[in-house]
Amino acid sequence: MRILFCFTIIFISVSSYAAAASGDVQLLKQARSQIKVIAGELQAKVARAVQKKGAVNALDSCRLQVTGITDRLSIHSGWEIRRTSLKVRNPNNMPDPWEEDVLKLFAQRLAEGVKPETFEFAKVVNLDGKRAFRYMKPIIMQDFCTTCHGQGLSPDLAGKIAEKYPKDQAVGFNPGDFRGAFSMLKVLPGDPP
């Protein structure tokens, strides 16, 4: 399947479709905007914490910072925002089946040589009897991310990670690698698709 993003919307009339498509474009713009805020703030805050405290003492910074950012944005925007991956550190970030399918699609696209910054995935789905807009955007490893997620971690840091996250899978990455994705969900008014 070669889909960068897809909208699954079923409407009876052309005018309903046009109105809904316009709404979906707005949701896509909102999702992209939220991701830009999260990624920018998270990168800046985690990099600053590692620089000031060192990687071992800043280990929780990534989790705590993203939680604070996503909680703040969720309250103001109505979006459920999280990070997930095929190789999680925190078991609370395990992908649901829909997210896992999209993560595998992203991994496939990367294996085919598609630049990760060029893709995203959006779809209107039936979620527990309600319409929901779902969106995912890949997270690509940055240089500073390898401090805690790269290869050859310091023994102190590896020990601290093993203590806090005994089932950690989120290591061995290089800059530019596909790390996971931001996943966003917004419940919509109306009947499920």
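A brief report on the enclosed structure follows. Note that the structure is a prediction, hence the values are computed from the model and not measured.

## Overview of the pattern of salt bridges
Then, in step 1: Counted under the stated rule, the structure contains seven salt bridges.
Then, in step 2: Arg32 serves as the salt-bridge partner of Glu120, at 2.3 Å between the closest nitrogen and oxygen. Separated by 88 residues along the polypeptide, Glu120 in the loop between α3 (97-111) and β2 (121-127) and Arg32 in helix α1 (residues 14-53) bring together distant segments of the chain.
Then, in step 3: Overall, the relative accessible area of 36% leaves Arg32 in the partly exposed class.
Then, in step 4: Notably, a salt bridge pairs Asp96 with Arg134, separated by 2.9 Å at the nearest N-O pair. Here Asp96, found in the loop between β1 (80-84) and α3, pairs with Arg134, found in strand β3 (residues 130-140); they are 38 residues apart in sequence, far enough to count as distant.
Then, in step 5: Judged by its relative accessible area of 5%, Arg134 is buried.

## Notes on the nonpolar core
Then, in step 1: In this structure, Ile38, Trp79, Ile81, Phe133, Tyr135, Phe182 and Met184 are the most contacted members of the largest nonpolar core, which totals 23 residues.
Then, in step 2: The set of elements that each furnish at least two residues to this core consists of α1, α2 (59-77), β2, β3 and β4 (178-188).
Then, in step 3: Per-element accounting of this core gives the leading share, 10 residues, to α1.
Then, in step 4: In this structure, Trp98, Val102, Val125 and Ile140 belong to the second largest nonpolar core, which totals 15 residues.

## Here's the deal with the environment of Thr147
Then, in step 1: Residue placement: Thr147 occurs in helix α4 (residues 146-149).
Then, in step 2: Of the residues examined, Thr147 reaches a relative accessible area of 32% and is grouped as partly exposed.
Then, in step 3: In contact with Thr147, other than residues within four places in its own chain, are Val50, Ala55, Leu153 and Leu157.

Calculation criteria
Residues numbered from 1 in each chain as written. Predicted model: local features only at pLDDT ≥ 70, side-chain atom pairs only at ≥ 80, totals over all residues. Heavy atoms only, no water. Salt bridge = Lys/Arg side-chain N within 4 Å of Asp/Glu carboxyl O. Helix = DSSP H or I, 4+ residues; strand = E, 2+ residues; numbered from the N terminus. Buried < 20%, exposed > 50% of the residue type's maximum accessible area, 1.4 Å probe, protein only. Core = buried A, V, L, I, M, F, W, Y, C linked by side-chain atoms within 4.5 Å. Contact = heavy atoms within 4.5 Å.

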